[in-house]
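# Results of the structural survey
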Amino acid sequence: MKASREELLISLLADRLAGDRHVAVGAASPIPGSAALLAKAESSRPMQVTVLQSRRHNHFVEGSRELFDCAAQGRIDSFFLGGVQIDGQANINLVGIGDYPRMKKRFPGSFGSALMYYVVPKVILFREEHSRRSLVEKVDFISAPGSSEEGVYRPGGPKALVTGRAVFEFDRIRRRFRLEQIHPGETKKSVEAATGFAYDLGAVTETPAPSAGRLEFLRGEIAPKVAQFYPEFAERMWGVAAQSAA
Amino acid sequence: MAIQQISVEEIAEAVPDGALLGIPADYSGVPMAVTRALIAREAKELRLFCLPLTTIQGDMLIGAGCVAGIEAAAVTLGEYGLAPRFSAAIEAGLLDIQDSTCPALHTQLQAVERGVPFMPMRGLVGSDILRHRPDWRVIDNPFADEGDPLVLLPARPLDVTVIHAPYADSEGNVFIGRRRELATLVHASERTFVTVEKVVEQSLFESEATAAGALPAFYVEAIAQAEKGAWPCGLTDLYPPDGGELRRYAEAAKTATGFADYLAGLGLSPRAAA
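Attention here is on the structure that accompanies the text. Quantities reported herein were computed from a predicted structural model and do not represent experimental measurements. (Residues numbered from 1 in each chain as written. Chains lettered and ligands numbered in written order. Predicted model: local features only at pLDDT ≥ 70, side-chain atom pairs only at ≥ 80, totals over all residues.)

As a further point, take the overall build of chain B. The secondary structure content of chain B amounts to 10 helices and 14 strands. At 19 Å, chain B has a C-alpha radius of gyration in line with the 19 Å of a compact globule built from 274 residues. In terms of overall dimensions, chain B has C-alpha extents of about 60 × 50 × 30 Å along its principal axes. Per-residue burial over chain B gives 51% buried out of 274 residues. (Helix = DSSP H or I, 4+ residues; strand = E, 2+ residues; numbered from the N terminus. Rg over C-alpha atoms; globule rule 2.2 N^0.38 Å. Buried ≥ 20, exposed ≤ 12 C-beta atoms within 10 Å, placed from the backbone.)

Below, the structure written as structure tokens:
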């Protein structure tokens, strides 16, 4: 049994969520969503996984502001953010390419990032596309900054950047990424060639594949749960159809 | 007392051109029947205040030439891709956008709910969102010993809000369940119109279970019955989004002509000036 790239990512993200009390994931996030469901199933203590578009797995009852109110109080431990562009200081841009406001290429907008990035202790930046187009020296628009000036309330922020090629840790003091893992098939050189910003080098080991037991568990037990929330992804990944309404 | 029951078209007539219009998110109660009626009556210069984002509703109104400005945390077709008429309008410089973030939009309406001129919010400091919002202010937290910059957001009273909901009783109490962001929109709005799948006889206040999910009639000016009134968006657990239709829209709306053809299929056309 060989893990696919997506399964490798699910496995490494699940490791990072171990021990969390409350993880929230959004509608367009099948890989982080799968990782959260795997981490919950493996967790020895209660873990709330909120899948925002779900009925059964979204227990907010005060309207959609409750997620942000919870986050601002520190009740959400981990959250995933992405970006049209992510830069070397971990600034993220979800708004577009070019000069604001009349941009060359307009994307949806910043969603809740301009609060969540500040207050959720463990934000994992996740962007499968790892190219000089997505990982840039400087973003065109800062939806939310990677770090803040001294005196700004900032209990949260980026811990790591996970892509389809590698894993970087974010150093909040140096305000720089540090390459720590490269996925099978990549080299330090290939990662450097695909990255638009400068970064430090850590130990740089190869991302470990999930154990055979974990992979079996993911495919057998977790895949049907994933299919409830991300049916197209589960069908494509594992040929699993949704069993019941989400 | 019985609520005034009018038609979907009459609701669209009651939304004046130039109004600041409250817009619910796709997971809430999107009034798509009224949206089509607004395009049919060639509404213009609307300003959309999205709580906190919009999907096909905002994109169609923008494409049809009904919108002068928008405040939102996102405009997107979600899993069906970018909102093509929105992106095209921004790229052509035809749409005034005030980029925001989800909790800021909630906070500005919560200030209206409380009758206070502003409310503070964490985050935002150092973002380009804040840099482009001269209507927002940063102060030092007056309760801190030093520093601690904090963003103040002004109350943003809405002119009109239109929502779609599963049902109302004959008094006009509307069942919104736990979609409480709809209540926030309504509380912050001078006028509110609601379309519903059906009208039932028994008052929502007969039982605690339905009372807990009620939007009271005293906020609501009139209701209209509109079966499948959120289509092609979904409505809570009553019907899911129509993926086929949304995919068709996402593809058609990639070009202005494709969008016009899509509207024509609904018996509509964009405003001539658009």
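Having seen it, we continue.
The next subject is the nonpolar core. Inside soluble globular proteins, nonpolar side chains tend to come together where they are buried. One finds L125(A) and L61(B) to be the most contacted residues of the largest nonpolar core, which totals 160 residues. Among all residues touching L61(B), those that are not within four sequence positions of it are T35(B), L38(B), I39(B), L46(B), L48(B), C66(B) and V67(B). (Core = buried A, V, L, I, M, F, W, Y, C linked by C-beta atoms within 7 Å. Contact = placed C-beta atoms within 7 Å.)

Moving on, we come to helix 2 (residues 32-40) of chain B. Residue and element names in this part refer to chain B. With eight of nine residues buried, helix 2 is to be regarded as a mostly interior element. Every buried residue of helix 2 is accounted for by M32, A33, V34, T35, R36, A37, L38 and I39. In this fold, the buried residues of helix 2 make contact with helix 1 (8-14), helix 3 (56-63), strand 10 (158-169), strand 12 (189-200) and helix 10 (256-265). Note on helix 2: the residue one or two positions beyond its end, E42, has a positive phi of about 55°.

Glancing now at the interface of chain A and chain B. Counting residues at the interface gives 39 residues for chain A, matched by 40 residues for chain B. Of all the elements in the fold, those that place two or more residues in the side of chain A that touches chain B are helix 3 (65-72) and helix 4 (113-119) of chain A. Of the residues forming the side of chain A that touches chain B, the biggest block, five residues, is contributed by helix 4 of chain A. The residue inventory of the side of chain A that touches chain B, partitioned by class, reads 22 nonpolar, 10 polar and seven charged. (Nonpolar A, V, L, I, M, F, W, Y, C, P; charged D, E, K, R; others polar.)

Our focus in this paragraph is the pairing of strand 3 (residues 78-81) of chain A. Residues and elements named next belong to chain A. With burial as the criterion, each face of strand 3 is covered, one bearing S78 and F80 and the other bearing F79 and L81. Note: strand 1 (residues 22-25) against strand 3, two bridges, orientation parallel. Note on strand 3: the bridge partner recorded for V23 is S78. Note that strand 3 and strand 8 (residues 122-127) share four bridges and pair parallel. The residue of strand 8 that forms the bridge with S78 is K122. (Pairing = 2+ DSSP bridges.)

Where burial is concerned, most of helix 4 (residues 84-91) of chain B is hidden: seven out of the eight residues are buried. Where the residues of helix 4 of chain B are buried, they touch strand 7 (105-106) of chain A together with helix 3, strand 5 (74-75), strand 6 (96-99), helix 9 (243-252) and helix 10 of chain B. Trailing helix 4 of chain B by a residue or two, G93(B) shows a phi angle of about 70°, which is positive.

All names here are of chain A. Strand order in this open sheet of eight strands is 2-1-3-8-10-11-12-13, and the pairing throughout is mixed. The sheet is open, and its two edges are formed by strand 2 (48-51) and strand 13 (200-206), each paired on a single side. On average, adjacent strands in this sheet sit at an angle of 20° to one another, irrespective of strand direction. Where strand 10 (residues 158-163) meets strand 11 (residues 166-171), three bridges bridge the pair, whose relative direction is antiparallel. Residue pairing in the sheet places A160 in a bridge with E169 of strand 11. (Axes fitted to C-alpha atoms, helices over the stretch in contact; angles between N-to-C directions.)

This part takes up the pairing of strand 12 (residues 176-182) of chain A. All names here are of chain A. One ladder, built from six bridges, connects strand 11 with strand 12; its direction is antiparallel. Each bridged residue has a counterpart across the sheet, and for V167 the counterpart in strand 12 is Q181. What sits between strand 11 and strand 12 in their antiparallel hairpin is a turn of four residues, with R175 showing a positive phi close to 55°. What joins strand 12 to strand 13 is helix 5 (residues 188-194), and the crossover it makes is right-handed. (Right-handed = clockwise from strand over helix to strand, strands pointing away.)

For the rest of this paragraph, the subject is unusual backbone geometry. Put simply, Y100(A) and P101(A) share a cis peptide bond, and its omega is 5°. By secondary structure assignment, the location of P101(A) is in the loop between strand 6 (96-97) and strand 7. The omega torsion across L51(B) and P52(B) is -15°, close enough to zero to call that bond cis. Residue position: P52(B) is located in the loop between strand 2 (46-51) and strand 3 (53-54). In this structure, L124(B) takes a positive phi of about 70° despite not being glycine. Topologically, L124(B) is positioned in the loop between strand 7 (118-121) and helix 6 (128-131). Of note in the backbone geometry, D148(B) takes a positive phi value of approximately 60° without being a glycine. Of note, D148(B) is situated in the loop between strand 8 (137-140) and strand 9 (149-154).

Once that is clear, we can look at the environment of E206(A). All names here are of chain A. Take E206: it is sitting in strand 13. On the basis of neighbour count, E206 is assigned to the exposed category, with 12 C-beta atoms found within 10 Å. Along the sequence, E206 and I182 sit 24 residues apart, while their C-alpha atoms lie 5.0 Å from each other. Excluding residues that lie within four positions of it along the chain, E206 makes contacts with I182 and P184.

Attention now moves to the packing of helix 2 (residues 30-42) of chain A against helix 6 (residues 212-229) of chain A. Between two packed helices, the angle of one axis relative to the other and the distance separating the axes together describe the packing. Residue and element names in this part refer to chain A. Packing of helix 2 against helix 6 leaves a shortest axis separation of 10 Å and a crossing angle of 130°. Looking at the two axes, helix 2 sits oblique to helix 6. When the axes of helix 2 and helix 6 are compared, the crossing they make is right-handed. Between helix 2 and helix 6, the residues in contact are P30, G33, S34, L37, L38 and A41 and L218, E221, I222, K225, V226 and F229, respectively. A breakdown of the residues in the contact of helix 2 with helix 6 according to their chemical character gives eight nonpolar, two polar and two charged. (Parallel < 35°, antiparallel > 145°, perpendicular 65-115°, else oblique. Left-handed = near helix turned anticlockwise from the far one by under 90°.)

Moving on, we get to the packing of helix 5 (residues 102-114) of chain B against helix 7 (residues 180-187) of chain B. All names here are of chain B. In the contact formed by helix 5 and helix 7, the axes pass within 8 Å of each other and the chain directions differ by 55°. It follows from the interaxial angle that helix 5 and helix 7 lie oblique. Where helix 5 crosses over helix 7, the handedness of that crossing is left-handed. Residues H106, L109, Q110 and E113 of helix 5 touch helix 7, and the partners they reach there are T184, L185 and H187.

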